[in-house]
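Residues per chain, in single letters:
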Amino acid sequence: MDASALASLTPEQKQAVMAQAQQQANQQIMTAMVESMTVSCFDKCAGTSGDRLDSKEQGCLANCQDRFLDVRKAVQESLERRQSAM
């Protein structure tokens with residue numbers, strides 16, 4: 001959408017466009033995070049046990065994913081606190 005088209009929108013339409021853009025950006029961030037988590041945890045946990053994960057590897061993957069999500073949540077909360085303090 002170019003600037004002239006954006007200027008002709010009502011405030012409600014502008015808000016809807018911005019919400020859609022934010023949703024798309026959030027989706028891209030989540031996709032990148034899941035991809036990063038998958039690669040990182042698989043590299044860390046998967047061994048050479050063949051074509052299946054053994055119970056130790058499965059446990060490692062579950063813990064790795066949990067820690068990854070815990071860190072992401074802590075970072076997000078910290079950023080939100082910093083933004084609200086400004």
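Residues numbered from 1 in each chain as written. Predicted model: local features only at pLDDT ≥ 70, side-chain atom pairs only at ≥ 80, totals over all residues. Heavy atoms only, no water.

Before going further, it helps to spend a moment on the state of the cysteines. Here, disulfide denotes a covalent bond that connects the sulfur atoms of two cysteines. Taken as a whole and judged by the stated rule, the model has two disulfides. Disulfide partner of cysteine 41: cysteine 64, at an S-S distance of 2.0 Å. Between cysteine 41 and cysteine 64, the S-S dihedral sits near -85°, and the bridge is therefore left-handed. Taken as a pair, cysteine 41 in helix α2 (residues 11-45) and cysteine 64 in helix α3 (residues 55-85) lie far apart in primary sequence, 23 residues in all. Since its relative accessible area comes to 1%, cysteine 41 is described here as buried. On the accessibility criterion, cysteine 64 (11% relative accessible area) is buried. (Disulfide = S-S within 2.5 Å. Helix = DSSP H or I, 4+ residues; strand = E, 2+ residues; numbered from the N terminus. Buried < 20%, exposed > 50% of the residue type's maximum accessible area, 1.4 Å probe, protein only.)

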